[in-house]
Amino acid sequence: MFHKGWFINSALQDRKPKTKDFELTMPPTERLYYADSHLIEFEARVIDKTERVSSWTAVILDRTAFYPTGGGQPSDTGTLDGARVVECIDDGDNGVLHVTQGRTLEVGSTVKGRVDWPRRFDHIQQHTGQHILSQAFITLFKAATHSFRVLDHSCEIDVELANPTSEIIEKAVSLANNVIWEDRPLTIRQVTAQQAADLTLRKESTREGELRLIEIDGFDLTPCGGTHAYRTGEVGMIAVRSWERAKGLVRIEFVAGMRALDDYRVANKTARNVAALFSAGRDDTAPLVKRLLDENKDLHRRVRALEEIASRVEADELLANAAPDASGVRIVSNIAENLDGEHLKRIAVALIAHPKTIALLGSR
Ligand SMILES: [Zn+2]
């Protein structure tokens, strides 16, 4: 099975040491996704490749539209000519490593790259959705986002929110969705560190030199190297699935775009299935489930009371069939079918309540 952590390490460790000449002549990979997040087809030249175990090859191109794993966003997948791109890794100044399977690509050849659009678009929706939601928490509650992760079916942000409640969080969700439906444009701005110092950015950048800022018109300005929507409307909608306090922050699980629709479908199906068990409407089940649980508790209490009575009756019957010996002691021995330990114990307690009585009970 493909293990991401292992591969990233081995991919970096196995890279051939570059000669000084190669370092001088090899230009850094031009990152086409910086200029256009919706570009999915491109041509590029193979400038380096490293063979791997299990038929994996790491390919470096002179330019790429493939986004490598980083900033909480998973990498793109796709194809380079006939080869499958299963992962892309940012190797800093060396460029972007395209981990490929299948056809071998020759160094110096020109290849056609194609990024898997459904996956890229999903990441655009989640990532842009995060910008909007994080700014909504700042706007309403001055609550900064500390980290962001795109998971398989949802996303997480860790927010510095002092007094979290579902009501407060839903206020931020409502603001975020309004910003989405206002269909505001996003623009990319290249600024110097000095220019950035005069701007109010949502978060500080750790990068030096020129900064790439993502601006959501009239709402958010933040440094970021990821792939974003052209307009907020592309995000579709944002919904929060759950939240919890975690390490002094509030961990909020959310879904954006298609993931929100998928999540709605699952939640709706679950709610309808439960409702069908009660022959009730989808939104009427919570009080019905509560009533069922209360009734169940009452029934358990009544069953226990009846079992007490039954045990005493059974004990009386056993006692009536056991004749006392010369000294007046009665030994009651019985092997029952399918009685649990609790039931046996209750009969035994009822028996030994009588003087000079010994109970020997068992169950098959
Ligand atoms: Zn971003």
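In the block above lies the structure referred to throughout.
Report follows, based on the coordinates. Since this is a predicted model, take the numbers as computed values, not measurements.

Picture the strands of a sheet paired through backbone hydrogen bonds; they go either parallel or antiparallel. Strand order in the open sheet formed by three strands is 11-12-13, and the pairing between neighbours is antiparallel. Either end of the sheet is taken by a strand with one partner, and the two such strands are strand 11 (186–191) and strand 13 (220–223). Recorded for the sheet is a direction-independent mean angle of 25° between the axes of neighbouring strands. The pairing of strand 11 with strand 12 (residues 211–216) spans six bridges and is antiparallel. The residue of strand 12 that forms the bridge with T187 is E215.

The next thing to look at is the sheet that holds strand 3 (residues 56–61). Here six strands make up a closed barrel; going around it, the order is 2-3-7-6-5-8 and the pairing antiparallel. Averaged over all adjacent pairs, the angle separating strand axes in this sheet is 45°, with direction ignored. Examined bridge by bridge, strand 3 and strand 7 (residues 96–101) share four bridges and lie antiparallel to one another. Along strand 7, the bridge assignment pairs T57 with T100.

Burial of strand 3 is extensive: six of the six residues sit out of reach of the surface. Here strand 2 (residues 41–51) runs beside strand 3; their pairing, made up of five bridges, is antiparallel. From the neighbouring strand, K49 faces strand 3, where its bridge partner is V59. Counting the residues in the hairpin turn of strand 2 and strand 3 gives four residues, including S54, whose phi is positive at 55°.

Below, the discussion takes up the coordination of the zinc ion. Around the zinc ion, the protein supplies H127 (NE2), H131 (NE2), C224 (SG) and H228 (NE2) as donor atoms, at distances of 1.8 to 2.2 Å. Classification of the site at the zinc ion rests on its four donor atoms, whose angles at the metal span 100 to 123°, yielding the label tetrahedral. Counting residues between consecutive donors of the zinc ion along the chain gives the motif H-x3-H-x92-C-x3-H. In this pair, H127 and H131 both sit in helix 4 (residues 117–141), four residues apart, roughly one turn of the helix. For H127, a relative accessible area of 2% corresponds to the buried category. H131 gets classed as buried once you look at its relative accessible area, which sits at 2%.

Per the counting criterion, the structure on display carries six aromatic pairs. Ring centres 5.2 Å apart and planes at 80° place the aromatic pair Y33 and Y67 in the edge-to-face group. With Y33 in helix 3 (residues 32–35) and Y67 in the loop between strand 4 (63–64) and strand 5 (78–80), this residue pair connects regions lying 34 residues apart in the sequence. Residue Y33 shares its accessibility class with Y67, and that shared class is buried. For the ring pair F148 and F254, a centre distance of 6.5 Å and an interplane angle of 20° mean the geometry is stacked. Residue F148 is located in strand 9 (residues 145–150), and its partner F254 is located in strand 15 (residues 249–256); the two are separated by 106 residues in the primary sequence. The pair F148 / F254 is uniform in exposure class, with both members buried. A connected cluster of aromatic rings, assembled from ring pairs, spans Y33, Y34 and Y67.

Relative orientation of the contacting elements helix 4 and helix 5 (residues 166–181) amounts to 120°, with a least axis distance of 8 Å. Considering their axes alone, helix 4 and helix 5 lie oblique with respect to each other. Between helix 4 and helix 5 lies a crossing whose hand is right-handed. The segment helix 4 lies against helix 5, with I132, L133, A136, F137, T139, L140 and F141 engaging I168, I169, K171, A172, V173, L175, A176, V179 and I180. Tallied by class, the residues present in the contact of helix 4 with helix 5 amount to 14 nonpolar, one polar and one charged.

So, how was this worked out
Residues numbered from 1 in each chain as written. Predicted model: local features only at pLDDT ≥ 70, side-chain atom pairs only at ≥ 80, totals over all residues. Heavy atoms only, no water. Pairing = 2+ DSSP bridges. Helix = DSSP H or I, 4+ residues; strand = E, 2+ residues; numbered from the N terminus. Axes fitted to C-alpha atoms, helices over the stretch in contact; angles between N-to-C directions. Buried < 20%, exposed > 50% of the residue type's maximum accessible area, 1.4 Å probe, protein only. Donors = N, O, S within 2.8 Å, 3.2 Å for Na, K, Ca; no water. Tetrahedral: all angles 85-135°; square planar, octahedral: opposite > 155°, others 65-115°. Phe/Tyr/Trp six-rings, centres within 6.5 Å; stacked < 30°, edge-to-face > 60°. Parallel < 35°, antiparallel > 145°, perpendicular 65-115°, else oblique. Left-handed = near helix turned anticlockwise from the far one by under 90°. Contact = heavy atoms within 4.5 Å. Nonpolar A, V, L, I, M, F, W, Y, C, P; charged D, E, K, R; others polar.

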